[in-house]
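As a plain string of letters, each chain reads:
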Amino acid sequence: MQEAQHSSTPPEACGRPDVVEPESGTSTYRVISELTLDVGRADDNALITCAVVHPSLGPGEKKHEQALRVL
């Protein structure tokens, strides 16, 4: 997937505090984050990347890319 052209001004972003939930029967936790972007037509097909960094995850990149779909 190629990075799409987008407007010269980055989209405005806001979110909510992370939600941390213990995994039943284990010593691990699930963390849920939410991001809300204010986008326009020029941002259609722009790539958004979500990345996780934490010492407990070990080596290697943990990320996911998704193209925006602006209707």
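Located above this text is the structure these notes cover.
Parameters and conventions
- Residues numbered from 1 in each chain as written.
- Predicted model: local features only at pLDDT ≥ 70, side-chain atom pairs only at ≥ 80, totals over all residues.
- Heavy atoms only, no water.
- Helix = DSSP H or I, 4+ residues; strand = E, 2+ residues; numbered from the N terminus.
- Contact = heavy atoms within 4.5 Å.
- Areas by Shrake-Rupley, 256 points an atom, 1.4 Å probe, with all protein chains shown as cover.
- Salt bridge = Lys/Arg side-chain N within 4 Å of Asp/Glu carboxyl O.
- Buried < 20%, exposed > 50% of the residue type's maximum accessible area, 1.4 Å probe, protein only.
- Polar contact = N/O pair within 3.5 Å; in protein donor to acceptor, adjacent residues only side chain to side chain.
- Patch = residues over 30% accessible without salt bridge, like charges linked within 9 Å, V, L, I, M, F, W, Y side chains within 5 Å.

Student: Can you explain the overall build of the chain? Please cite residues and give values.
Tutor: Looking only at helices and strands, the chain has zero helices and four strands in total. When the helices and strands of the chain are placed in sequence order, the string is β-β-β-β. Long-range pairs, those at least 24 residues apart, make up 41% of the contacts in the chain with a sequence separation of at least 6. For the chain, the accessible area works out to roughly 6200 Å², and carbon and sulfur atoms hold 53% of it.

Student: How would you sum up the pattern of salt bridges? Please name residues and give values.
Tutor: Applying the stated criterion across every chain, the model contains three salt bridges. Here Arg-30 ties to Glu-21 by a salt bridge, and the two come within 3.9 Å at their closest N and O atoms. Between Glu-23 and Arg-30 there is a salt bridge, with its nearest N and O atoms 3.0 Å apart. What makes Glu-23 partly exposed here is its relative accessible area of 28%. On the basis of relative accessible area, Arg-30 is assigned to the partly exposed category, the value being 42%. Here the residues in one salt-bridge network are Glu-21, Glu-23 and Arg-30, joined through shared partners.

Student: Tell me about the environment of Arg-30, residues and numbers included.
Tutor: Tracing the backbone through its elements, the reader meets Arg-30 in strand S2 (residues 29-38). A sequence separation of 10 residues divides Arg-30 from Val-20, and the C-alpha atoms of the two residues are 5.7 Å apart. When residues no more than four places from it in sequence are discounted, the contact partners of Arg-30 are Val-19, Val-20, Glu-21 and Glu-23. Engagement of the side chain of Arg-30 in a polar contact is seen with the side chain of Glu-23, the distance being 3.0 Å.

Student: So what's going on with a nonpolar patch on the surface? Residues and values would help.
Tutor: Together, Val-20, Tyr-29 and Val-31 make up a nonpolar patch on the protein surface, roughly 330 Å² of accessible area in all. With respect to the element layout, Val-20 can be found in strand S1 (residues 12-22). For Val-20, a relative accessible area of 52% puts it in the exposed group.

Student: Residue-level account of unusual backbone geometry, with values.
Tutor: Positioned with a positive phi, Asn-45 is a non-glycine residue whose angle comes to about 70°. On the accessibility criterion, Asn-45 (35% relative accessible area) is partly exposed.

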